[in-house]
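A closer look at the structure
Spelled out from the first residue to the last, the chains are:
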Amino acid sequence: MGELTYQTINVRFQGSTCRIQLCQSDSENAITNHLVTELTDVLAICENRTREKSQAVCVVVIEGLPDVFCTGADFRQIAEQNDAAGRVDAERLYHLWMQLAIASFVTIAHVRGRVRAGGVGFVAACDIVLADESATFALSELMFGLFPACVLPFLIRKVGVQKSHYMTLTTMPISVQDASASGLVDAYSEDSESLLRKHLIRLSRLSNSAVSEYKKYMHQLNDILMRSQSLAVSTNEQLFCSQENLDKIRRYVNEGKFPWEP
């Protein structure tokens, strides 16, 4: 099985590596329920192949387009709905990120271009983050009365409380250099594809059972993801059910105006 056909992602199996590309250029790789479903399906296939020891997957790479990795919730879809029906199912999204974090294979976020809001969740959920020099990261939610409830447990695990607090409050993009200094990005290069290939040479040789046991141990040492799940999901749902917040999103989509603009 070399390729699988999906609508929101491109999937390629290359030996023991699975490369998943988010490929919704019209929405700048916004997160939708359809995207969550397709990514969940691919990860399940990878786990099944590994469990059956048939063409076991050692590494899963998630990447976006050259200029954008992922821009978070699809505001256009939310604005088209009369209520919160257009929002992403927070429980399923959190579960997807948990799968990336605890999978029996190594997960890599290969980042180029912009990462915004929920896109930071995908990055923070992965074991390793590799980027090129164009990568920027921002939590923009607070501008619309929201905050990244589901992202924060994963981000805090990576960079700590204060840096996550700063990114949330300022809503400003940070450069790949700053992201590397904070621990969000593990390595970056002008040629991130070459950087990725170098990592894959060694990572693809690791034992799945050893990786699985190691990651279980790490999550026992720091169980913030499991402890935070219920609170994060319920808080996210409350934020996206607020009519005031939905009105701010709808106005931004329809008029291009931020909430503070007259």
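Criteria and cut-off values
- Residues numbered from 1 in each chain as written.
- Predicted model: local features only at pLDDT ≥ 70, side-chain atom pairs only at ≥ 80, totals over all residues.
- Heavy atoms only, no water.
- Pairing = 2+ DSSP bridges.
- Helix = DSSP H or I, 4+ residues; strand = E, 2+ residues; numbered from the N terminus.
- Contact = heavy atoms within 4.5 Å.
- Axes fitted to C-alpha atoms, helices over the stretch in contact; angles between N-to-C directions.
- Core = buried A, V, L, I, M, F, W, Y, C linked by side-chain atoms within 4.5 Å.
- Buried < 20%, exposed > 50% of the residue type's maximum accessible area, 1.4 Å probe, protein only.
- Expected span 1.5 Å × (residues − 1).
- Bend = angle between axes of the 7 residues up to and from the residue.

A separate point is the sheet that holds strand β9 (residues 136–138). Across the sheet, four strands lie side by side as β5-β7-β9-β10; this open sheet has mixed pairing. Taken across any chain shown, the strands that pair with only one partner, and hence form the sheet edges, are β5 (68–70) and β10 (174–175). In the sheet, β5 pairs with strand β7 (residues 114–116) via two bridges, with the strands oriented parallel. Bridged to V68 within β7 is R114. Along the sheet face, helix α4 (residues 118–125) touches β5, β7 and β9 and points at about 100° away from the line of β7.

Turning our eyes to something else, we now look at the nonpolar core. Core analysis: the biggest nonpolar cluster contains 60 residues, and W97, V111, F122 and F137 have the highest contact counts within it. Counting residues per element, this core draws most heavily on helix α3 (residues 90–102), at eight residues. Ignoring any residue separated from it by four or fewer positions in sequence, one finds W97 in contact with I31, G118, G121, F122, A125, C150, V151 and F154.

Within strand β4 (residues 59–63), five of the five residues are buried, leaving the element largely enclosed by the surrounding structure. Burial along β4 is two-sided: the residues V59, V61 and E63 and V60 and I62 are all buried. Alignment of strand β3 (residues 17–22) against β4, held across five bridges, turns out to be parallel. Opposite C18, over in β4, you have V60 as the bridge partner. One ladder, built from five bridges, connects β4 with strand β6 (residues 106–111); its direction is parallel. Looking across to β6, one finds that V60 is bridged to T107.

Attention now goes to helix α10 (residues 224–241). Think of an α-helix as turning once every 3.6 residues; residues three or four places apart then point the same way. For α10, spanning 18 residues, the distance from its first C-alpha to its last is 25 Å, which sits close to the expected 26 Å at 1.5 Å a residue. Largest kink in α10: about 40°, centred on S230. Considered for burial, the residues of α10 that qualify are I224, L225, S228, A232, V233, T235, N236, L239 and F240. For α10, the secondary structure elements touched by its buried residues are α2 (75–80), α3, α5 (151–159), α9 (208–221) and α11 (243–255).

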